[in-house]
Amino acid sequence: MNADYIETARLLARFKLEAGRELGVVVDLEAMVRDYLEAERTLAAVEQGAPSPKLLALAARLRERLLSPPLLPDDNELPARGGGVVRHPPSPLRSACGGTASNAWREGKPK
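Notes on the structure follow. Computed from a predicted model, the values in this text were never measured in an experiment.

## Topic: the pattern of salt bridges
The full count for this structure, using the stated rule, is seven salt bridges. A salt bridge links Glu18 to Lys54; the nearest nitrogen and oxygen atoms lie 3.5 Å apart. Residue Glu18 is located in helix α1 (residues 3-23), and its partner Lys54 is located in helix α4 (residues 53-67); the two are separated by 36 residues in the primary sequence. Residue classification places Glu18 among the buried residues on the basis of a relative accessible area of 9%. Between Glu40 and Arg63 there is a salt bridge; the shortest N-O distance is 2.8 Å. Note that Glu40 is positioned in helix α3 (residues 36-49) and Arg63 in helix α4, a separation of 23 residues in sequence. With a relative accessible area of 21%, Glu40 lands in the partly exposed category. Taken together, the shared-partner salt bridges in this structure form one network comprising Glu7, Arg10 and Arg61.

Below you can see the structure in the form of structure tokens.
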């Protein structure tokens, strides 16, 4: 496992615990990671009701990791000068969130 994956998992776990403690909200982490719109709804709801700066900071960090536009296309291929294709390794963010967030950006879902 790479460091980005572990950091995302750690942030998700802290977010779930803090949201449960401070707001009494049950957070479905799997749904947040797999579904762009669910992640957006959950983060928006927690940000609106967050009583502490700590929970707001966690939500902001997760928003950046899960909902930011990808740097590379999902197929990890970019056109090369003079023809051909340049292959790039998968993005750590895409690996950490299962690729869903990047697919959502490419499909034009709400930001």
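## Things to note about the side chain of Thr42
By the secondary structure assignment, Thr42 is in helix α3. Overall, Thr42 belongs to the buried group, its relative accessible area being 12%. Residues within four places of Thr42 in sequence aside, it is in contact with Phe15, Val27 and Met32.

## Some points on the environment of Phe15
Note that Phe15 resides in helix α1. Considered as a pair, Phe15 and Leu43 are 28 residues apart in the sequence and their alpha carbons are 9.6 Å apart. The residues touching Phe15, leaving out its near neighbours within four places in the chain, are Val27, Met32, Thr42, Leu43, Val46, Leu55, Leu58, Ala59 and Leu62.

## Some remarks on the packing of α1 against α4
When two helices pack together, their arrangement is given by the angle between their axes and by how far apart the axes lie. Two numbers describe how α1 lies on α4: the axes approach to 9 Å, and their chain directions differ by 140 degrees. In terms of orientation, α1 lies oblique with respect to α4. Helix-helix and strand crossings are classified by hand; for α1 and α4 the assignment is left-handed. From α1, Asp4, Glu7, Thr8, Arg10, Leu11, Leu12, Arg14, Phe15, Glu18, Ala19, Glu22 and Leu23 reach across to α4, where they touch Lys54, Leu55, Leu58, Ala59, Arg61, Leu62, Arg65 and Leu66. A class-by-class count of the residues in the contact of α1 with α4 yields ten nonpolar, one polar and nine charged.

Calculation rules
Throughout, residues of each chain are indexed from 1 in the direction in which the sequence is written. Thresholds applied to this predicted model are a pLDDT of at least 70 for local features of residues and 80 or more for the giving and counting of side-chain atom pairs; totals over whole chains, interfaces and linings are not thresholded and use all residues. The basis for every side-chain value is the complete set of non-hydrogen atoms in the structure, without hydrogens or water. Counted as salt bridges are all cases of a side-chain nitrogen of Lys or Arg within 4 Å of a carboxyl oxygen of Asp or Glu. The way it works is that DSSP assigns letters per residue, a run of H or I at least four long becomes a helix, a run of E at least two long becomes a strand, and they are numbered from the N terminus. Working definition: with a 1.4 Å probe on protein chains only, accessible area under 20% of the residue-type maximum means buried, over 50% means exposed, and in between means partly exposed. We call two residues in contact whenever any of their non-hydrogen atoms come within 4.5 Å of each other. Orientation is described by lines fitted to C-alpha atoms, with helices fitted over the stretch in contact, and by angles between N-to-C directions that extend from 0 to 180 degrees. Convention used here: angles under 35 degrees read as roughly parallel, angles over 145 as roughly antiparallel, angles from 65 to 115 as roughly perpendicular, and any remaining angle as oblique. By definition, turning the near helix anticlockwise from the far helix through less than a right angle yields a left-handed crossing, and turning it clockwise yields a right-handed one. For this scheme, ten residues count as nonpolar: Ala, Val, Leu, Ile, Met, Phe, Trp, Tyr, Cys and Pro. Four count as charged, namely Asp, Glu, Lys and Arg, and the remainder, Gly too, count as polar.

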